[in-house]
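# Chain and residue survey
In case you want the letters, here they are:
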Amino acid sequence: LGGLQPRGPGQGGRPAQPGDFVNMSATTPIVADTFTGAAITGSVSVVDLDTGKETATIPVGLHPTAMALDGQLLYVANTDGDSVSVIDTSSDRLITTVDVRPYPGAPPGSFPNGLAVLPNDHVAVTLGRTNAVAVYDVSDLFRVKRTALVPTGWFPSSVAATADKVVVASQQGVGALADADAGKPARGAGGEIVLASIMALEGNASLPGLATSYSGN
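Being a predicted model, the structure only gives us computed values, none of them experimental.

Attention shifts here to the overall build of the chain. Helix and strand counts for the chain stand at zero helices and 16 strands. Across the 217 residues in the chain, those meeting the buried criterion constitute 37%. When contacts within the chain are restricted to residue pairs at least 6 apart in sequence, those whose partners lie at least 24 apart make up 43%. Carbon and sulfur atoms provide 53% of the accessible area of the chain, an area that totals close to 11400 Å².

To continue, consider unusual backbone geometry. Of note, the phi angle at A26 is positive, near 60°, even though the residue is not glycine. Within the fold, A26 resides in the loop between strand 2 (22–25) and strand 3 (28–31). For A26, a relative accessible area of 75% puts it in the exposed group. Not every positive phi belongs to a glycine, and N131 is a case in point at roughly 55°. Of note, N131 is situated in the loop between strand 11 (122–127) and strand 12 (132–137).

A word on the sheet that holds strand 15 (residues 165–170). Reading across the sheet, the three strands line up as 14-15-16 and stay open at both edges, with antiparallel pairing between neighbours. On the outer flanks of this sheet lie strand 14 (156–161) and strand 16 (195–200), each paired with one strand and no other. Geometrically, the sheet is characterised by an average inter-axis angle of 20° between neighbouring strands, direction not taken into account. Looking at chain direction, strand 14 and strand 15 are connected through five bridges and run antiparallel.

Turning our attention to the environment of A132. With respect to the secondary-structure elements, A132 resides in strand 12. Overall, A132 belongs to the buried group, its relative accessible area being 0%. For the pair formed by A132 and L149, sequence separation is 17 residues and the distance between their alpha carbons is 6.4 Å.

The element strand 7 (residues 73–78) is extensively covered by neighbouring structure, given that five of its six residues are classed as buried. Hairpin connection between strand 7 and strand 8 (residues 83–88): a loop of four residues separates the two successive antiparallel strands, and D82 in this loop has a positive phi of roughly 55°.

What follows is about the nonpolar core. Among the nonpolar cores identified, the biggest contains 18 residues, and Y75, L115, V125 and Y136 are the most heavily contacted of them. When contributions to this core are tallied by element, the ones reaching two or more residues are strand 6 (64–70), strand 7, strand 8, strand 11 and strand 12. One finds L118, V133, V166 and V168 within the second-largest nonpolar core, a separate group that totals 12 residues.

Let's shift gears to the confidence of the model for the chain. Residue-level pLDDT values for the chain average 84, and 79% of them are 70 or greater. Predicted confidence is poor over residues 209–217, with pLDDT under 50, and the contacts of this stretch with residues over four places away or in other chains come to 13 contacts.

This part takes up the sheet that holds strand 8. Spatially, four strands are ordered 6-7-8-9 in an open sheet, and the strand pairing comes out antiparallel. Looking along the sheet, the strands with just one partner apiece sit at the ends: strand 6 and strand 9 (93–99). The mean angle between the axes of side-by-side strands here comes to 20°, regardless of whether they run parallel or antiparallel. Across six bridges, strand 8 lies against strand 9 in antiparallel orientation. For S83, the partnering residue across the bridge sits in strand 9 and is D99.

Analysis parameters
Residues numbered from 1 in each chain as written. Predicted model: local features only at pLDDT ≥ 70, side-chain atom pairs only at ≥ 80, totals over all residues. Heavy atoms only, no water. Helix = DSSP H or I, 4+ residues; strand = E, 2+ residues; numbered from the N terminus. Buried < 20%, exposed > 50% of the residue type's maximum accessible area, 1.4 Å probe, protein only. Contact = heavy atoms within 4.5 Å. Areas by Shrake-Rupley, 256 points an atom, 1.4 Å probe, with all protein chains shown as cover. Pairing = 2+ DSSP bridges. Axes fitted to C-alpha atoms, helices over the stretch in contact; angles between N-to-C directions. Core = buried A, V, L, I, M, F, W, Y, C linked by side-chain atoms within 4.5 Å. pLDDT = per-residue confidence, 0-100.

Here is the structure:
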């Protein structure tokens, strides 16, 4: 692996500088909000595997988690920022950041937490707290368009793709399994049932016919 420099999400953000207000995460000082104590920056670190040292820090959104590489483009899910950042790994520069909230003006908390590169310049993003997977056309990074927003199980947390299918894993399963009409009590499914949704892609790597179904659920 000589010379290889992988990238990794820095959920606590950039290194603290003199004068920053910090909160300790284990033994690491995190640049934090003075009221909540939560991290207020997010970053991706570039690491030289030969030396084990960080060689660059790239600013992204809050709480970066999932990443997906497509050639020289690195997509980063900013889980607490409701966005996806795009990095050019040839220069380690941020190109753009895409708002992935389900509709304009939506409150914070969509929780993007999984990414998959699809064929024909599309990217899938799981939105954990929206209980949906979104698909974006990224053929023009400065005019990114959402082409689908599809309901999933409860709290989707990862997504993978082949040439013709998308598979979404929902961490909490199907949600409450109440059958009120039959007089049965509600049954909580959190942490007990994991659900995988398999969706077929069409030729343009989108999920047509389901783009508007989320709003009805």
